[in-house]
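Here are the chains, one letter per residue:
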Amino acid sequence: MCRNIKPLFNFEPPATDAEIRDAALQFVRKLSGFNAPSQRNRKSFDRAVDQVAAAASLLLGSLETDQPPKDRDEVAAKARARSALRFARQPVIVFE
């Protein structure tokens, strides 16, 4: 699950609240082991997502860098290219 959490710092345009919340949701899902919590755990789960999102938003707002912002489209294109190479490999069939 955490492989789906993408870096959100130093991008142009900056990360949206929805992106931060999505990352927080993935993080809480990983920690709790729940993809969707039961009704009994829903309040605790949602509260944790809200708190993690708030902490992440504070973090992203306070970080500083001298590097120019990265272009989202360029980073996404590189990720797609890496993925295409990774999954385009032909399986090796071994006969015993």
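Look above for the structure.
The structure reproduced in this document is the subject of the present report.

What counts, and where the lines are drawn
Residues numbered from 1 in each chain as written. Predicted model: local features only at pLDDT ≥ 70, side-chain atom pairs only at ≥ 80, totals over all residues. Heavy atoms only, no water. Helix = DSSP H or I, 4+ residues; strand = E, 2+ residues; numbered from the N terminus. Buried < 20%, exposed > 50% of the residue type's maximum accessible area, 1.4 Å probe, protein only. Contact = heavy atoms within 4.5 Å. Core = buried A, V, L, I, M, F, W, Y, C linked by side-chain atoms within 4.5 Å. Expected span 1.5 Å × (residues − 1).

## Topic: the environment of Ala53
Position of Ala53 among the secondary structure elements: in helix H2 (residues 42-62). The exposure class of Ala53 is buried, given its relative accessible area of 13%. When the C-alpha positions of Ala53 and Asn35 are compared, they lie 17 Å apart, and in sequence the two are 18 residues distant. Setting aside its immediate chain neighbours within four residues, Ala53 contacts Ile20, Arg21 and Ala24.

## A look at the nonpolar core
Ranked by size, the top nonpolar core spans 9 residues in total: Leu8, Ala15, Ile20, Ala23, Ala24, Val28, Phe45, Val49 and Ala53. Those elements giving two or more residues to this core turn out to be helix H1 (17-32) and H2. It is H1 that contributes the most residues to this core, 4 residues altogether. With near-sequence residues (within four places) excluded, Phe45 lies in contact with Leu25, Val28, Arg29, Ser32, Phe34 and Pro37.

## Side note on H2
With 21 residues, H2 extends 30 Å between its outermost C-alpha atoms, agreeing within 8% with the 30 Å of an ideal straight helix rising 1.5 Å per residue. As for H2, its buried residues are in contact with H1.

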